[in-house]
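# Report on the structure
For reference, the chains in residue letters:
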Amino acid sequence: MSLEQIPVSQPFVAGKKSTVQHPLGPLTANEISETASLIKALWPTGTNVHFKSITLQEPDKKDLIPFLAAEHAGSKLPEVERRSFVVYYLRNTVEYNVRLGPNIHSNADGEEILEVERIALEDERVKAEIAKLQLPKDTVVISDPWIYGSDGINDGLFTDAKRTFQCFLYIRDPTNSSERDSNHYAMPISISPVIDAATMKVTRIDHLPTGVDNTIKEPAPYKVQPANEYIPEAHSLRKDLKPLNVVQPEGASFKVANFSEQGHTVTWQKWTLKIGFNLREGMVLYDVHYDGRPLFYRLSLSDMSIPYADPRHPYHKKQAFDLGDAGAGIMANNLQLGCDCLGSIHYLSAVLNNDKGEPLPMPNVVCIHEQDNGIGWKHTNYRTGRAAVVRNRELVLQSIITVSNYEYILAFMFNQAGEVIYEVRATGILSTQPIDEGISVPWGTVVHPGVLAAHHQHIFSLRIDPMIDGPLNRVVYEEAHPMPRSDFNPHGTGYTVSETPITTSGGYDLDYNHNRIFKIQNSSIKNPINGQPVGYKIHAPPFQKILADSSSFHFKRAEFADHNIYVTSYKDGELYAGGKYTNQSRGGTGVRSWADRGDNVLDSDQVVWVQFGINHVPRIEDFPVMPCEIIKVSLKPVNFFNKNPAIDVPPSEQSFNKSVLASVQHAQEVGELVIGDKECCAKESKL
């Protein structure tokens, strides 16, 4: 594997104007093609170059900060060179990772995955093992390639030193084998081919344990269980669900413009931000401002790790890093109107690269829309009966990725109270394995006859590069403690809140016994009302840290999974919490290692990494497809404004909202409009 940084500069043509691309604009199709041509020119004619990633090499921050400042001021823009970052292999060569060294491997790509599937199922030894199952005639076998993982073993055919795939096999329902959307995860088989990614040959065939221990058995006649389908035509659907239409008769309140050919600026309700898109992270936000004030230099989902609980070979290596091993951008869905997003929708498309270095159009990878999220704020004066109430309108930037069996619905949301929310919805189908009938094991749940869904964790890392009213910020943690009994506190009811600045890079944790929360502040800017530093606090849900022990490769590789918060000093290129190359990684190249530098982070240019997740102990209700599990991280202003920033949102009015009574069968009286005879409110108060 090799990598290069290539200078690129192509004109951005918008109407009749032609300008150089913005430093943060994703690579254009022309730039991708130009980069591929330059790389191919480095090698002899006929060299088969396998491109893994051609993406924007973001400029150094020291160069980009003056550019963004000039852009906001309307001043002359300084020149910032654009570069592309390229990861590639040379196919059909004997050299192996000569540029980057051992145990460093690139991500998988779509063409490679399909080739691995084909190789696994066409291998004669694999066919011979499948024949022992005596499957019904015309049964279709499905291969799910997985990144091999790491266990540190380098013993002949059992080695994680070479770039390798482990395939798990399933069958389609033999009674309906022509249905390509049949849920094969309901019919796993115990044969697992292992494929060398360099030679594209099967190196060994594992037989999976199916009992309560490590015992493996030779394949025997397979008992076909009933199908368990998720597709709608396989079910008798409900008939009493009436339409719920999201209608905006005057259109959406947001505006979208291009800041480059592939980059977009969004403005909405005092918010302005830039949206980029790349192969690994998918959607990335830059230069986030509220009412002209800077908040965040860069926001992105940096990494995720999904370690599995089954300790037996080969499952002990099963740990997905979906962004680093594959890529949120390349796995992004083509979102469909009325299906994935409701209301007045604006779609953003992207251009990535395929394995040949050609531009790969990615249509509709981001949908932008508004949604009503209930009441934003309300108060009723019980003495007069007058109510003031506003709705909580949100701007949603959403992308959906499919990682083989699993889906993640990823969204940045902004509201009118100055808050940023990052939401993950986990859905899709459980990764399953065969289990003998009539038994259970403590590391998984039987979700269908002969089908085990192993326990696993989903651990995410949100990367926050703050710019709270300027580039130099600090992180503090706030705690609440009871006051000791004294003459001043004779009844023992008092408590105080204190702040402690974080001065050194490291990993830190929430403590709900003391209501510990973390805040990002600009200590040089004080709130004019109370004199406190302006800031934003992090609301992150509690989660169980990675359960694999600290000497395991699961733990070593998922460098972000052991703390709620990491704080590091800013360094160009340190973007991914699990390290740049997660495929079969060994650890030592991610956020834990960066934090261990012990850098000073007080009133500095720093990065905050927020971890959140779930320990997924599967339920039978999670099969054949999982209802969404929702996790949210919120960034809320603290002493940043002089009052509730949503105080100027127009009140909720029936003439504006046009709600209707669902039924006239009940006796509830329709409330009158009191505030200005237009707003929704209570008719009167009765105490």
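Scroll up to find the structure this text is about.
Residues numbered from 1 in each chain as written. Predicted model: local features only at pLDDT ≥ 70, side-chain atom pairs only at ≥ 80, totals over all residues. Heavy atoms only, no water.

Before going further, it helps to examine helix α3 (residues 110-122). A rise of 1.5 Å per residue sets the reference length of α3, with its 13 residues, at 18 Å; its end C-alpha atoms lie 19 Å apart and thus fit the reference within 8%. Burial in α3 covers these residues: Glu 112, Val 116, Ile 119 and Ala 120. When α3 is viewed along its axis, its buried side chains cluster within an angular range of 95 degrees and face the same direction. Residue Asp 109 occupies the N-cap position of α3, its side-chain oxygen lying 3.1 Å from the main-chain nitrogen of Glu 111. (Helix = DSSP H or I, 4+ residues; strand = E, 2+ residues; numbered from the N terminus. Expected span 1.5 Å × (residues − 1). Buried < 20%, exposed > 50% of the residue type's maximum accessible area, 1.4 Å probe, protein only. Arc of directions from axis to C-beta. Polar contact = N/O pair within 3.5 Å; in protein donor to acceptor, adjacent residues only side chain to side chain.)

You can see Thr 445 is positioned in strand β24 (residues 444-448). By relative accessible area, which is 18% here, Thr 445 ends up buried. Dropping the residues within four chain positions of it, Thr 445 is found in contact with Val 451, Leu 452, Ala 453, His 455, Val 617 and Pro 618. (Contact = heavy atoms within 4.5 Å.)

Once that is clear, we can look at the nonpolar core. Among the nonpolar cores identified, the biggest contains 106 residues, and Leu 285, Phe 296, Leu 397, Tyr 408, Phe 414 and Ile 538 are the most heavily contacted of them. Leave out the neighbours within four places in its chain, and Phe 296 touches Tyr 286, Asp 287, Val 288, Val 420, Ile 464, Asp 465, Pro 466, Met 467, Ile 468, Tyr 536 and Leu 635. Of all hydrophobic cores here, the second largest spans 16 residues; its members include Phe 555, Ala 558, Tyr 566 and Ala 595. (Core = buried A, V, L, I, M, F, W, Y, C linked by side-chain atoms within 4.5 Å.)

Right, let's get into the pattern of salt bridges. Side chains that differ in sign of charge can pair as their charged atoms come close. Tallied over the full model, the rule gives 42 salt bridges. The shortest N-O distance in the salt bridge between Glu 112 and Lys 52 comes to 2.6 Å. Of the two residues, Glu 112 sits in helix α3 while Lys 52 sits in strand β4 (residues 49-57), which places them 60 residues apart along the sequence. Residue classification places Glu 112 among the buried positions, given a relative accessible area of 4%. Taking relative accessible area as the criterion, Lys 52 reaches 2% and is therefore assigned buried. Here Glu 218 and Lys 132 are joined by a salt bridge, their closest N and O atoms 3.0 Å apart. Taken together, the positions of Glu 218 in the loop between β11 (201-207) and β12 (255-258) and Lys 132 in the loop between α4 (124-131) and β6 (141-147) put the pair 86 residues apart, joining distant regions of the chain. Each member of the salt-bridge network shares a partner with another, and the members are Lys 52, Asp 109, Glu 112 and Arg 163. (Salt bridge = Lys/Arg side-chain N within 4 Å of Asp/Glu carboxyl O.)

The residue Asp 572 is located in the loop between β32 (565-569) and α7 (591-595) in this model. Exposure remark for Asp 572: the relative accessible area of 38% places this residue in the partly exposed category. With 246 residues separating them along the chain, Asp 572 and Ala 326 place their C-alpha atoms 23 Å apart. Leave out the neighbours within four places in its chain, and Asp 572 touches Pro 59, Asp 60 and Lys 61. A polar contact of 3.1 Å, which involves the side chain of Asp 572, links it to the backbone nitrogen of Lys 61.

The strand order across the open sheet formed by 3 strands is β23-β25-β24, and the pairing between neighbours is antiparallel. A single partner strand is all that each edge strand has here, and the edge strands are β23 (432-434) and β24. Direction aside, the axes of adjacent strands within the sheet are offset by 40 degrees on average. Looking at chain direction, β24 and strand β25 (residues 451-454) are connected through 4 bridges and run antiparallel. Paired with Gly 444 across the bridge in β25 is Ala 454. (Pairing = 2+ DSSP bridges. Axes fitted to C-alpha atoms, helices over the stretch in contact; angles between N-to-C directions.)

In this fold, Ile 459 is placed in strand β26 (residues 456-466). Overall, Ile 459 belongs to the buried group, its relative accessible area being 1%. Counting along the chain gives 295 residues from Ile 459 to Thr 164, while the straight-line C-alpha distance between them is 24 Å. Setting aside residues no more than four positions away along its own chain, Ile 459 makes contact with Asp 303, Met 304, Ser 305, Phe 543, Ile 546, Phe 560, Ala 561, Phe 612 and Gly 613.

Overall, antiparallel pairing links the 10 strands, which are arranged β18-β19-β20-β21-β22-β34-β31-β30-β27-β28 in an open sheet. Edge positions in the sheet fall to β18 (346-353) and β28 (495-501), since each of these pairs with one other strand and no more. Shown here is a sheet whose adjacent strand axes are inclined to one another by a mean of 25 degrees, direction ignored. As defined by bridge partners, strand β20 (residues 386-403) adjoins strand β21 (residues 406-415) across 10 bridges and the pair is classed as antiparallel. Bridging from a neighbouring strand, Ile 401 pairs with Tyr 408 of β21. In the packing of helix α1 (residues 29-40) onto the sheet, contacts are made with β18 and β19 (359-381), and the angle to β18 comes to roughly 10 degrees.

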